[in-house]
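Descriptive analysis of the structure
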Amino acid sequence: MVKIIEALKEHKLASGLLSRGVSEVSVTGMLGDQPVKGRFDFLVQDRTASGAPSGMIVVDLKTTLDHRPQAFQREMIRRNLFVQAGLYSELCEAAFNLPTIFVFLVVNKNGSNEVALYAANPTVIECGQLAVRQGIQRYQKCLQTNMWPFMFEEYLDLSMPDYLIKKMGDMSGNEEG
């Protein structure tokens, strides 16, 4: 962790952004009639040249094995990080009544400690907000019907995947005995 902190301090853009922000900011709000809560890693209030608030920057720190754009984009999808970006952007805009930029601050955890900053574009935010709304609708339907997905009342059959059975079969034919 110390090396990651050092990498962030040495990265000009990251250190400048973090030095202007407040860490661990919790914000609550409502999406429709559903209460929601977010905890921002860092929150930065952007200001105009005259010092007036002009917007908010939500900074979310992520560690990864590969900080390069295409790799992190895949990770963002696989881990549903775009949903967090959509939710946090909406919560922040509602709480502070200011436009919000969501930034992923990404640090390699493979020992290189390379740093990248990715501003989530409007498509990422919109897709995240849509996923949040769909999730809330699903949750409300579950509450109403008391039917929860993937809640099984009986034993389910668990087997080996076909590709692995084939691979193991191929391997057994190659054994010398």
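As the structure is a prediction and not an experimental result, all values here were calculated from the model. (Residues numbered from 1 in each chain as written. Predicted model: local features only at pLDDT ≥ 70, side-chain atom pairs only at ≥ 80, totals over all residues. Heavy atoms only, no water.)

1. Let's talk about unusual backbone geometry
What counts here: Helix numbering and strand numbering both begin at the N terminus, where a helix is a DSSP run of H or I of at least 4 residues and a strand a DSSP run of E of at least 2. Classification of residues uses two cut-offs on accessible area relative to the type maximum, computed with a 1.4 Å probe and protein chains only: under 20% is buried, over 50% is exposed, and between them is partly exposed.
Residue Asn 80 is not a glycine yet carries a positive backbone phi of 60°. You can see Asn 80 is positioned in the loop between α3 (69–78) and α4 (81–96). Judged by relative accessible area, Asn 80 falls into the partly exposed class, the value being 43%. The backbone of Asn 146 shows a phi angle near 55°, a positive value even though the residue is not glycine. Among the secondary structure elements, Asn 146 is positioned in the loop between α5 (122–145) and α6 (162–174).

2. With respect to the sheet that holds strand β5 (residues 115–119)
Let me state the cut-off plainly: Only strands joined by at least two bridges in the DSSP assignment are considered to pair. Axes here refer to lines fitted to C-alpha atoms; in helices the fit is confined to the stretch in contact. Angles between the N-to-C directions go from 0 to 180 degrees. Residue contacts are defined here by distance: any two heavy atoms, one from each residue, within 4.5 Å place the two residues in contact.
As summarised here, the arrangement of the five strands in space is β1-β2-β3-β4-β5, forming an open sheet in which the pairing is mixed. Single-partner strands in this sheet number two, and they are β1 (21–31) and β5. If you compare each strand with its neighbour and ignore which way they point, the axes differ by 40° on average. The sheet contacts of helix α2 (residues 12–19) involve β1, β2 (34–47), β3 (53–64), β4 (100–108) and β5, and relative to β5 the element is tilted by about 65°. In the packing of α4 onto the sheet, contacts are made with β1, β2, β3 and β4, and the angle to β2 comes to roughly 75°.

3. Some words on the packing of α4 against α5
Where we set the bar: Oblique is the label for every angle not falling under 35 degrees (roughly parallel), over 145 degrees (roughly antiparallel), or within 65 to 115 degrees (roughly perpendicular). Under the scheme applied here, ten amino acids are nonpolar (Ala, Val, Leu, Ile, Met, Phe, Trp, Tyr, Cys and Pro), four are charged (Asp, Glu, Lys and Arg), and all others, including Gly, are polar.
Where α4 meets α5, the axes come as close as 7 Å, and the angle between the chain directions of the two elements is 90°. Here α4 is positioned roughly perpendicular relative to α5, judged by the angle of their axes. Every residue of α5 that contacts α4 at Phe 82, Val 83, Ala 85, Gly 86, Leu 87, Ser 89 and Glu 90 is listed here: Val 124, Ile 125, Cys 127, Gly 128, Gln 129, Ala 131, Val 132 and Arg 133. For the contact of α4 with α5, the class distribution of residues is nine nonpolar, four polar and two charged.

4. A short note on the confidence of the model for the protein
Heads up, the condition is: For every residue, the predictor reports its confidence as pLDDT, a number between 0 and 100.
Chain-level pLDDT for the protein is 89 on average; 95% of the residues reach the 70-or-more range. By mean pLDDT, α6 is the weakest element of the protein at 80, and α4 is the strongest at 96.

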